Amino acid sequence: MAKYSDIKGFTVQTLASDTIASQALGGTWASGGTMNTARNLTDGGTGTQTAAMVGGGGQGPGATAEQYNGSSWTEVADLNTARGYIGGAGTTTAMVTFGGNSSPNAYTELWNGSAWSESGDLNTGRQSMGACGATSTAALCISGASPSRVTNVESWNGSAWTEIADVNQERYYTTGSGSQTDALLIAGQDPPVMANVEKWDGSSWTEVGDLNLARFALASSSNPSGSDDTLAFGGHTASPDADKTNTESWNGTSWTEIADLSSAIAYHAGAGSDLSAALSFGGSSPSVTGASEEFTAPSIFTKQIEGQLYFNSTTNTFKETVSDI
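Everything numeric in this text was worked out from a predicted model, so none of it was measured.

Here's the deal with the side chain of Thr92
Mapped onto the elements of the fold, Thr92 is located in the loop between strand 7 (87–90) and strand 8 (95–98). What Thr92 contacts, discounting residues up to four positions off in sequence, is Ala51, Ala52, Met53, Gln67, Trp111 and Gly113.

Next up, the structure:
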């Protein structure tokens, strides 16, 4: 006797778009608002896609600070000391900036939502470091140049810096993401240009999966809640000698290449809280710019599953997800 399933077949799921392996793979970049002052940055920006902030930077040492509301940039009170290639962490109402290419290069300033005040200096002055932190009272200053590259890492408690465990590989023109107890230090150069990534667990640094593309002067989403769900984008490669559009997402284990930036960029800054929304701003491409780009990924998506069979109603085709062996 024939089975009912043999006669009637089986149900195939119908979808309007193809499945994707992760939220980030469904994301795209689009133009955002332009800053009032074009500037080179490295890791001096902080915040989210709709509430970002930057202080300092510029073609030379600059003092201007600006805030982003998701569509436009507004100038706010200047830093007390003009600086470029600084570090930054916190929010639009409570930010800390540190280091830079001024002399001496250990200055730290705090933003309270209306004005900047000088605070405790870094123990080791430096520029072009990795920076991260959720608030103006909990930040990390990682590696950088002083003027030669250093492995030193310092932790900020809101009033003073304390030296903690060094990174394994010194570097500058690097970028950091995460919190004071869960962070990533991503790529940069010693030289040579590197793809190395190190993870901080609150007590020590461990080398983890490399970026797919080695580069320096790149930016990352700040993701102040932790190191997972981080984006790294843009940057400059030595061979070929070029700015890049490449974007990669980190899931806690490995890096995956996703949608490129619209324009190649380096020496820029980044902001963002997760893989659904990020911001790239400033930098050079190759001239110094104030342009920004916004990365947006779908909050709801159909995740790709091995061996999944479905019908794409948009392209009118059957699809199956398989892995090459």
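A word on the pattern of salt bridges
Taken as a whole, this structure holds seven salt bridges when the rule is applied. Asp182 is paired through a salt bridge with Lys199; the nearest N and O atoms lie 2.7 Å apart. Of the two residues, Asp182 sits in the loop between strand 15 (175–178) and strand 16 (183–189) while Lys199 sits in strand 17 (residues 193–200), which places them 17 residues apart along the sequence. Lys199 sits in the partly exposed class, given a relative accessible area of 24%.

Brief notes about empty space enclosed by the protein
Summed over the entire model, instances satisfying the criterion amount to one cavity of 30 Å³ or more. If you add up the space inside the largest cavity, you get close to 50 Å³. Looking at the largest cavity, the residues that line it are Asp43, Gly45, Thr46, Gly88, Ala89, Ala131, Cys132, Gly133, Gly176, Ser220, Ser222 and Gly270. Breaking the lining of the largest cavity down by element, the ones donating at least two residues are strand 3 (45–47), strand 7 and strand 11 (130–135). By residue number, the principal contributor to the lining of the largest cavity is strand 11, which donates three residues.

So, the packing of aromatic side chains
All told, the structure shown has 15 aromatic pairs when counted by the stated rule. Measuring from ring centre to ring centre gives 5.1 Å for Trp156 and Trp161, while their planes differ by 40 degrees; the resulting arrangement is tilted. Classification of Trp156 by relative accessible area gives buried; the value is 0%. Ring geometry for Trp200 and Trp205: centres 5.2 Å apart, planes at 35 degrees, overall tilted. Of the two residues, Trp200 and Trp205, neither departs from the other in class, the shared state being buried.

Regarding the sheet that holds strand 6 (residues 73–76)
As summarised here, the arrangement of the four strands in space is 3-4-5-6, forming an open sheet in which the pairing is antiparallel. For this open sheet the edge positions go to strand 3 and strand 6, each flanked by a neighbour on one side alone. Put simply, the sheet's adjacent strands are angled 25 degrees from each other on average, direction ignored. As judged from the three bridges shared by strand 3 and strand 4 (residues 52–55), these two strands associate in the antiparallel manner. Within strand 4, the residue paired with Gly45 across the bridge is Val54.

Points about the state of the cysteines
A covalent bond bridging the sulfur atoms of two cysteines is what the word disulfide describes. As enumerated under the stated definition, the model contains zero disulfides in all. With no disulfide of its own, Cys132 lies 9.8 Å from the sulfur of Cys141, the closest cysteine sulfur. Looking at Cys132, the relative accessible area reads 3%, which means it is buried.

Describing the pairing of strand 20 (residues 230–233)
Residues Thr230 and Ala232 line one face of strand 20 and the alternating positions Leu231 and Phe233 line the opposite face, and both faces are buried. Here strand 19 (residues 219–220) pairs with strand 20 via two bridges, running antiparallel. The residue bridging Ala219 from the neighbouring strand is Phe233, located in strand 20.

Some points on the pairing of strand 15
Within a regular strand, the side chains alternate between the two sheet faces. The sheet contact formed by strand 15 and strand 16 spans four bridges and is antiparallel. Residue pairing across strands places Gly178 opposite Ala183, the latter belonging to strand 16. Hairpin connection of strand 15 to strand 16: four residues between the antiparallel strands.

Remarks on the sheet that holds strand 2 (residues 28–31)
Spatially, the four strands line up as an open sheet ordered 2-27-26-25, and their pairing is antiparallel. Every interior strand has two partners, whereas the edge strands, strand 2 and strand 25 (269–274), have only one. Geometrically, the sheet is characterised by an average inter-axis angle of 20 degrees between neighbouring strands, direction not taken into account. Examined bridge by bridge, strand 25 and strand 26 (residues 277–281) share five bridges and lie antiparallel to one another. Paired with Asp274 across the strands is Ala277, a residue of strand 26.

Some words on the side chain of Asn40
By secondary structure assignment, the location of Asn40 is in the loop between strand 2 and strand 3. With sequence-adjacent residues up to four places away left out, Asn40 is seen in contact with Gly57, Gly58, Tyr85, Tyr267, Gly283, Ser284 and Val288.

Criteria and thresholds
Residues numbered from 1 in each chain as written. Predicted model: local features only at pLDDT ≥ 70, side-chain atom pairs only at ≥ 80, totals over all residues. Heavy atoms only, no water. Helix = DSSP H or I, 4+ residues; strand = E, 2+ residues; numbered from the N terminus. Contact = heavy atoms within 4.5 Å. Salt bridge = Lys/Arg side-chain N within 4 Å of Asp/Glu carboxyl O. Buried < 20%, exposed > 50% of the residue type's maximum accessible area, 1.4 Å probe, protein only. 1 Å grid on protein atoms, 1.4 Å probe; cavity = no way out; pocket = protein on both sides within 12 Å on 5 of 7 lines; lining within 4 Å. Points joined across faces, edges and corners; volume = space filled by probe spheres on them. Phe/Tyr/Trp six-rings, centres within 6.5 Å; stacked < 30°, edge-to-face > 60°. Pairing = 2+ DSSP bridges. Axes fitted to C-alpha atoms, helices over the stretch in contact; angles between N-to-C directions. Disulfide = S-S within 2.5 Å.

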